[in-house]
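Observations on the model geometry
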Amino acid sequence: MNALSRFFARLEGPQTLGRGPGFWIGFLIVLAGACAYPLFSDGYTVGNTVYFFTWIFMALGLSLIWGYGGALSFGQTAFFGIAGYAYGILTINFGAAYGFTFVALLFAVAIAALFAALLGYFLFFGRISGVFLGIVTLSVTLVLERFMAQTAGPEWKIGAARLNGFNGMSNMPPLTVPWPGGDIVLFPDVQLYYVVLGMLVLVYLGLRILVNSPFGNVLVAIRENPERAEMLGYDIRKYQLGTFVIGAALAGLSGVLYTSWGQYITPSSMGMTAAALPIVWVAVGGRSDLTTTLVGTITVLAVFQALTIHGSQYALVVMGIMLVLTVLLAPRGLIYALARLIARPFSKRQPGDA
Amino acid sequence: MDVGTLAFSALYQFGDAFAFLVLSACGLAVIFGMMGVINLAHGEFIMCGAYVTVSAAHAGVPLPLAILIGALVSAAVGALVEILIIRHLYDRPLDTIVATWGLSLIFTQGTLILLGSTMAGVGTPFGSFTVGDYSYSLYRLVLCGMAVVVIAGLYALFNWTRFGVMARATIQVPHMAAALGIDTRLVYSLTFALGAGLAGLAGGLYAPTMTLVPTMGTTFIMEAFVTVVVGGADVFLGTAPAAAVLAVVKATMTSWYGQLAGQIGLLMAVIIVIRVLPRGISGFLLRERA
């Protein structure tokens, strides 16, 4: 019991913004609002909201790798795409009966994580630092996009699943819950909303515990000064690799949920533009905190959606401008700066987090 | 087919790959080697050079002059970007990557909005010649020559001119150079403009051989990244040998399995090289020499 309460005590700590009853009451109010939201809306709008939610896992993973670990990974969309395609291939071949879609989800995420472990081994154990890490992961993503884009011919199929080149793969079954008296197929609607919301809360709280655990403290120490962390006796390569794999698995989860949501995945979801978007969400929100990343991602996605009505090219220009301005004016993120501003009058003791 | 034509074919493909790698990477390498900044908008400077070149050529300017105009316009845009954005981020190298990525989004989409999804190109000049059973484009040989000229020119610039001496001093110990009266901010601006201009030159040179689309920069950027990563921080001891080694890999894989295999081969090569030589070829050479 004691160990359990210590475990949950890590929900707050030096590595996360927001502590004390005030924050958690606010958290519960937001959560209750999110739970009640489908009651005041129609299925179509709720389905669209799920679309926002699917991206947040990838953003949280990037926050962990980049914001907490200090490693610049531009390859999040590669893992997104790998898991998305893996889910499609598995479910098209084996169908959706007996809850197999959730097995496929686990396999797809595992494949993405395995790929990340392999790539990460070469990168981190080769001691690739800062700038190079970013461009190697980006190169991998771009080559993967080109590879998938040329799989249009009929010879490119795995079992019954045609890869379909640039047009992408479609018609895979959505996530399906086996249920006595008829399976529940999770189309973009209220049921999928609650499933994804549940996953999101679990991942968010789980990551809070992770970053406030000894693992998270070492991770932040590596971000602040890799040599010092190493001199203190930590094998920084293992910590970085572990973080990279967790982040990749989260990106993979996003990929699976996206593929299942739209029953569709294309190579362009891994392209240069697609790879830039997670960077925008996380940088604008505030990469060094999970909560600001979460809020920032939802905000930027909502702005993007609103702008896309007037044409997606304009929306992307605005995203680019937003990114440049954030880096120049609020390097730690707009939402992060706002959160610090709001939190200041409420907190009695200012802990020494920088 | 006799051995001579076969050897020529292999040499031609190697030269073609070498020229592409050198020309697409040198701008990125100059900026990275001199300033430690990776310019993710590199591909967009190439695109800028290509668009300006083709526009000038359509307006009746002869092609060599049009390419020069393209390079100069890119250099001017580069100087502007340095003054407005990069200058403020020198103490935060990771943030320059993010900021230049934002720029890349703005440039790509801005071009798409302003100029449409494609632009009429100009034909490849000089025609072709045949050796044995195959015909080869003469322009590709010109590109190959240009790659050598660019490397030689950069060598001369950095070793034999006043700007070169000041730039190397600034790179070695910035505050010392500043104390000796060198305007280091100006040197950084000029270096960035030089890198952007070289990117524009690459765009101008390759403009006649490819379709002009706003996303054409991504065609170059992977090869440029790989060459700079394998080469390391030095342009002459790094980029040129890296391009030579990678050109062998690329030409072999491409003639074997096609264009994409060439790129995958490059990527495999880079991942293996960074595992063995984390500081690239130039890091390895310089440590041997020291």
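Residues numbered from 1 in each chain as written. Chains lettered and ligands numbered in written order. Predicted model: local features only at pLDDT ≥ 70, side-chain atom pairs only at ≥ 80, totals over all residues.

Another aspect to go through is the overall build of chain B. In terms of helices and strands, chain B carries twelve helices and two strands. Seen in sequence order, chain B has helices and strands lined up from the N terminus as α-α-α-α-β-β-α-α-α-α-α-α-α-α. Computed over its C-alpha atoms, the radius of gyration of chain B comes to 19 Å, within 12% of the 19 Å expected for a compact globule of 290 residues. By principal-axis analysis of the C-alpha atoms, chain B measures approximately 65 × 50 × 35 Å. Looking at chain B as a whole, 48% of its 290 residues qualify as buried. For chain B, contacts bridging at least 24 residues in sequence account for 74% of all contacts bridging at least 6. (Helix = DSSP H or I, 4+ residues; strand = E, 2+ residues; numbered from the N terminus. Rg over C-alpha atoms; globule rule 2.2 N^0.38 Å. Buried ≥ 20, exposed ≤ 12 C-beta atoms within 10 Å, placed from the backbone. Contact = placed C-beta atoms within 7 Å.)

Now for the overall build of chain A. Within chain A, the regular secondary structure consists of 14 helices and six strands. A compact globule built from 354 residues would reach a C-alpha radius of gyration of about 20 Å, and chain A, at 20 Å, matches this within 12%. In terms of principal-axis extent, the alpha carbons of chain A reach across some 60 × 50 × 50 Å. Every one of the 354 residues in chain A was classed for burial, and the buried ones make up 46%. Of all intrachain contacts in chain A linking residues separated by at least 6 positions in sequence, the fraction that spans at least 24 positions is 77%.

Right, let's talk about helix H4 (residues 76–94) of chain A for a bit. Residues and elements named next belong to chain A. In a regular helix each residue adds 1.5 Å, so 19 residues correspond to 27 Å; H4 covers 27 Å between its end C-alpha atoms and thus fits that length. Taken across its 19 residues, H4 has 17 buried, putting it largely inside the fold. In the segment just after H4, Gly 95 is the residue with positive phi, at about 75°. (Expected span 1.5 Å × (residues − 1).)

In this section: the interface of chain B and chain A. Across the contact, 34 residues belong to chain B and 35 residues belong to chain A. The dominant element in the side of chain B that touches chain A, judged by the number of residues it contributes, is helix H4 (residues 93–115) of chain B, at 15 residues.

This part takes up the UniProt feature "transmembrane region" (unreviewed entry) in chain B. Residue and element names in this part refer to chain B. UniProt's entry tags residues 17–38, 45–61, 67–86, 98–118, 138–158, 186–208, 220–249 and 256–277 with the feature "transmembrane region" (unreviewed entry), counted in the numbering of this structure. End C-alpha to end C-alpha, residues 98–118 measures 27 Å, and it is 86% helix and 0% strand. For residues 186–208, the helix share is 91%, the strand share is 0%, and the end-to-end C-alpha distance is 34 Å. (UniProt positions renumbered as here; feature names shortened; annotations may be inferred.)

Residue and element names in this part refer to chain B. Direction vectors running N to C along helix H10 (residues 235–257) and helix H11 (residues 259–276) enclose 145°, while the axes themselves pass 7 Å from each other. Our pair here, H10 against H11, has a crossing hand that is right-handed. Contacts between H10 and H11 involve Leu 246, Val 249, Lys 250, Met 253, Thr 254, Trp 256 and Tyr 257 on the former and, on the latter, Gln 259, Ala 261, Gly 262, Gly 265, Leu 266 and Ala 269. The class makeup of the residues in the contact of H10 with H11 is eight nonpolar, four polar and one charged. (Axes fitted to C-alpha atoms, helices over the stretch in contact; angles between N-to-C directions. Left-handed = near helix turned anticlockwise from the far one by under 90°. Nonpolar A, V, L, I, M, F, W, Y, C, P; charged D, E, K, R; others polar.)

Residue and element names in this part refer to chain B. With 98% of its residues at a pLDDT of 70 or more, chain B has an overall mean of 83. Of all secondary-structure elements in chain B, the lowest mean pLDDT belongs to helix H12 (residues 280–289), at 68, while helix H3 (residues 63–84) reaches the highest, 91. Our summary of model confidence lists the complex with pTM equal to 0.85 and ipTM equal to 0.81. (pLDDT = per-residue confidence, 0-100.)

Right, let's get into unusual backbone geometry. You will see that Gln 263 of chain A, though not glycine, has its phi angle at about 50°, which is positive. For Gln 263 of chain A, a count of 16 C-beta atoms within 10 Å translates into the label partly exposed.

Relative to the helices and strands, Met 47 of chain B resides in helix H2 (residues 42–58). The residues contacting Met 47 of chain B, other than those within four sequence positions of it, are Thr 111, Gly 203, Pro 214, Met 216 and Gly 217 of chain B.

Ranked by internal contacts, the top residues of the largest apolar core, which has 195 residues, are Ala 83, Ala 108 and Ala 112 of chain A together with Val 22 of chain B. When residues of this core are assigned to their parent elements, the largest contribution, 16 residues, is made by helix H1 (residues 3–35) of chain B. Among all residues touching Ala 108 of chain A, those that are not within four sequence positions of it are Ala 83, Ala 86, Tyr 87, Leu 90, Gly 252 and Val 256 of chain A. (Core = buried A, V, L, I, M, F, W, Y, C linked by C-beta atoms within 7 Å.)

The interhelical angle for the contact between helix H6 (residues 130–149) of chain A and H11 of chain B, taken along N-to-C directions, is 155°, at an axis separation of 10 Å. The angle between the axes of H6 of chain A and H11 of chain B places the two elements in the roughly antiparallel class. Two packed elements cross with a definite hand, and for H6 of chain A against H11 of chain B that hand is left-handed. Residues Phe 132, Val 136, Ser 139, Val 140, Val 143, Arg 146 and Phe 147 of chain A of H6 of chain A form the contact with H11 of chain B, whose own contacting residues are Leu 260, Gln 263, Ile 264, Leu 267, Val 270 and Ile 274 of chain B. Of the residues contributing to the contact of H6 of chain A with H11 of chain B, the split by class is ten nonpolar, two polar and one charged. (Parallel < 35°, antiparallel > 145°, perpendicular 65-115°, else oblique.)

Here we take up H11 of chain B. Residues separated by three or four positions in an α-helix point in the same direction, a consequence of the helix having 3.6 residues per turn. For H11 of chain B, which comprises 18 residues, the first-to-last C-alpha distance of 26 Å matches the rise-based estimate of 26 Å (1.5 Å per residue) to within 8%. Turning to H11 of chain B, its buried residues number three or more, namely Gly 262, Gln 263, Gly 265, Leu 266, Val 270, Ile 271, Val 273 and Ile 274 of chain B. Summarising the contacts, the buried residues of H11 of chain B are in contact with helix H5 (100–125) and H6 of chain A together with helix H9 (217–231) and H10 of chain B.

Looking now at the confidence of the model for chain A. All names here are of chain A. Overall, the predicted model of chain A reaches an average pLDDT of 84, with 96% of residues at or above 70. By mean pLDDT, the top-scoring element of chain A is helix H10 (residues 236–262) (91), and the lowest-scoring one is strand E5 (residues 184–185) (73). Within the model, pLDDT remains below 50 along residues 350–354, and this stretch shows two contacts once partners closer than five positions in the same chain are excluded.

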